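Next come the chains, spelled out residue by residue.
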Amino acid sequence: MKTIHLFTIIFLLAFNCFSQVTLVKEGFIDVNPEEKSCHASTIVELSGGKYMAAWFAGEHENHPKVCIWVSTKTKENWSKPVKVADGIYEGTQYACWNPVLFKNPSGKLFLFYKVGINPREWWGMMKTSLDEGKTWSAPTRLPNDILGPIKNKSIQLKNGDILHPSSTESVDSKVWHTHVEISDANGENWQKIPIECGEYGVIQPSVLIHKDGRLQMLLRSRQNKIIQSWSSDNGKTWGKLTPINLPNPNSGIDAVTLKDGSFLLVYNPLPSGKQWSNGRNVLKLAHSTDGINWTDIYTLENQAKGEFSYPAIIQSSDGLVNITYTFDRKLIKNVVFKVK
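Structural notes, computed from the coordinates. (Residues numbered from 1 in each chain as written. Predicted model: local features only at pLDDT ≥ 70, side-chain atom pairs only at ≥ 80, totals over all residues. Heavy atoms only, no water.)

**Observations concerning the packing of aromatic side chains**
Under the definition given, this model contains ten aromatic pairs. Ring plane angle 45° and centroid distance 6.2 Å describe the contact between Phe102 and Phe110, whose orientation is recorded as tilted. Of the two residues examined, Phe102 and Phe110, each falls in the buried class. Its guanidinium or amino end placed over the ring of Tyr310, Lys151 lies 5.4 Å from that ring's centre, counting from NZ or CZ. (Phe/Tyr/Trp six-rings, centres within 6.5 Å; stacked < 30°, edge-to-face > 60°. Buried < 20%, exposed > 50% of the residue type's maximum accessible area, 1.4 Å probe, protein only. Lys NZ or Arg CZ within 6 Å of the ring centre and 35° of its normal.)

Now the structure itself:
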């Protein structure tokens, strides 16, 4: 019995060996923004230890002059944000939404974003850069029925193609439905892969890569739970949606696969309320070794009121973890961790 007890202790210690993150730095990307409101940040690693973040900003969400802004971090400081995309399309200006940055292995940088009067009728746009954002291509509308990554980062598949986690909302707002889109490594030759969502209203997936090659999707839902689905064929088909034992107050999440094969998730751990913003005043970081059982390891925000939401998370080549998120719709916050 003593041997079994000792083995159990050793196993639990090994299972929970990743239990700490060390805060390296936290702060706002721009403490004096030009625009009144900002939301929906994204972050990507560039070369030479640099990063780029993007978000949408303007008078308020869905205002026709809301545009996409970017900032680049070199060493310690973020650059003054600059406007890189507006919503002018065929002579009319629409609101911009939910940018997503992605860099392919050859160094081509993609900026995906949405344009339209609302998330139910928007369409996908794309700009690219071959010099890490110093200059950008003209905006290109994605093919019909293709939106690109809807909020969270795309991932590179084993065969080199890019998987873009995406979703749609019906015009009457009653149906939320997730799907994935796959393009080649150059952002061309798109394919849409539907997913049977059953009883769940789900959007804004984040995709994890497991050691055995399976893909796991984690989703925002209307059911007060984070929802998951799995794929064993490189994203071509996805299994039945099921809840994991973490709350979701109808708010965006993001997750990342770490170099050691475990996972980090940023989420709001409260139930939803009467208002859409209820439950977004607390933001936490959780860790998992299997993608199913999660342990909170750090509290990013815990305030009586306010909105701290729509996180983006990456691990860079030096092992550091970078998180960006909306800070009360006024600022974009960046938090950097060292993981153990």
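There is more to say, and it comes next.
**Some details on the pattern of salt bridges**
Where charged atoms from two side chains of opposite charge come close, those side chains can pair. In the structure shown here, the tally under the stated rule is 14 salt bridges. The salt bridge partner of Glu132 is Lys50, with a shortest N-O separation of 3.8 Å. Note that Glu132 is positioned in the loop between β11 (123–129) and β12 (140–141) and Lys50 in the loop between β2 (37–45) and β3 (51–58), a separation of 82 residues in sequence. A cluster of three or more residues bridged by salt bridges with shared partners is formed by Glu61, Arg280, Glu307 and Arg329. (Salt bridge = Lys/Arg side-chain N within 4 Å of Asp/Glu carboxyl O. Helix = DSSP H or I, 4+ residues; strand = E, 2+ residues; numbered from the N terminus.)

**Considerations on the sheet that holds strand β17 (residues 202–209)**
Read across the sheet, four strands follow the order β17-β18-β19-β20 without closing on themselves; strand pairing throughout is antiparallel. Strands with a single pairing partner mark the edges of an open sheet, and in this sheet they are β17 and β20 (242–247). Averaged over all pairs of adjacent strands, the angle between their axes in this sheet comes to 30°, without regard to strand direction. Bridging between β17 and strand β18 (residues 215–221) involves six bridges; their strand directions are antiparallel. If you follow Ser206 over to β18, its bridge partner there is Leu218. (Pairing = 2+ DSSP bridges. Axes fitted to C-alpha atoms, helices over the stretch in contact; angles between N-to-C directions.)

**Quick word on the nonpolar core**
By size, the foremost hydrophobic cluster in this structure holds 26 residues, and its most contacted members are Met52, Ile68, Val84, Leu101, Leu111, Tyr113 and Trp136. When sequence neighbours within four positions are dropped, the list of residues in contact with Leu101 reads Thr42, Val44, Met52, Ala53, Ala54, Phe110, Leu111 and Trp136. In terms of nonpolar packing, the next biggest core, distinct from the first, is built from 19 residues, Val266, Ile323, Phe327 and Val339 among them. (Core = buried A, V, L, I, M, F, W, Y, C linked by side-chain atoms within 4.5 Å. Contact = heavy atoms within 4.5 Å.)

**Some thoughts on the environment of Glu34**
Structurally, Glu34 is set in the loop between β1 (21–28) and β2. Glu34 gets classed as exposed once you look at its relative accessible area, which sits at 58%. Sequence separation between Glu34 and Gly133 is 99 residues, and the spatial gap between their C-alpha atoms is 20 Å. Residues within four places of Glu34 in sequence aside, it is in contact with Trp69 and Lys80.

**Here we look at the side chain of Ser167**
Here Ser167 is to be found in strand β14 (residues 162–169). Here the side chain of Ser167 touches Gln204 through a polar contact of 3.2 Å, landing on its backbone nitrogen. Those residues in contact with Ser167, other than ones at most four positions away along the chain, are Leu147, Ile150, His177, Thr178, His179, Val202, Ile203, Gln204 and Pro205. (Polar contact = N/O pair within 3.5 Å; in protein donor to acceptor, adjacent residues only side chain to side chain.)

**Notes on the state of the cysteines**
Scanning all chains against the criterion turns up zero disulfides. With no disulfide of its own, Cys96 lies closest to Cys67 among cysteine sulfurs, the gap being 5.3 Å. Note on Cys96: relative accessible area 1%, which makes it buried. (Disulfide = S-S within 2.5 Å.)

**Quick notes on unusual backbone geometry**
Phi is positive for Asn234, which is not a glycine, with a value near 65°. With a relative accessible area of 17%, Asn234 lands in the buried category. Phi is positive for Asp328, which is not a glycine, with a value near 60°. Structurally, the position occupied by Asp328 is in the loop between β26 (321–327) and β27 (331–339).

**Quick look at the sheet that holds strand β24 (residues 295–302)**
Strand order in the open sheet formed by four strands is β21-β22-β23-β24, and the pairing between neighbours is antiparallel. Sheet topology places β21 (254–257) and β24 at the edges, where each strand pairs with a single neighbour. Here the average twist between neighbouring strands, direction ignored, is 15°. Bridge analysis of strand β22 (residues 263–267) against strand β23 (residues 282–288) gives five bridges, and the strand direction is antiparallel. Each residue of the ladder has a partner; that of Leu264, found in β23, is His287.

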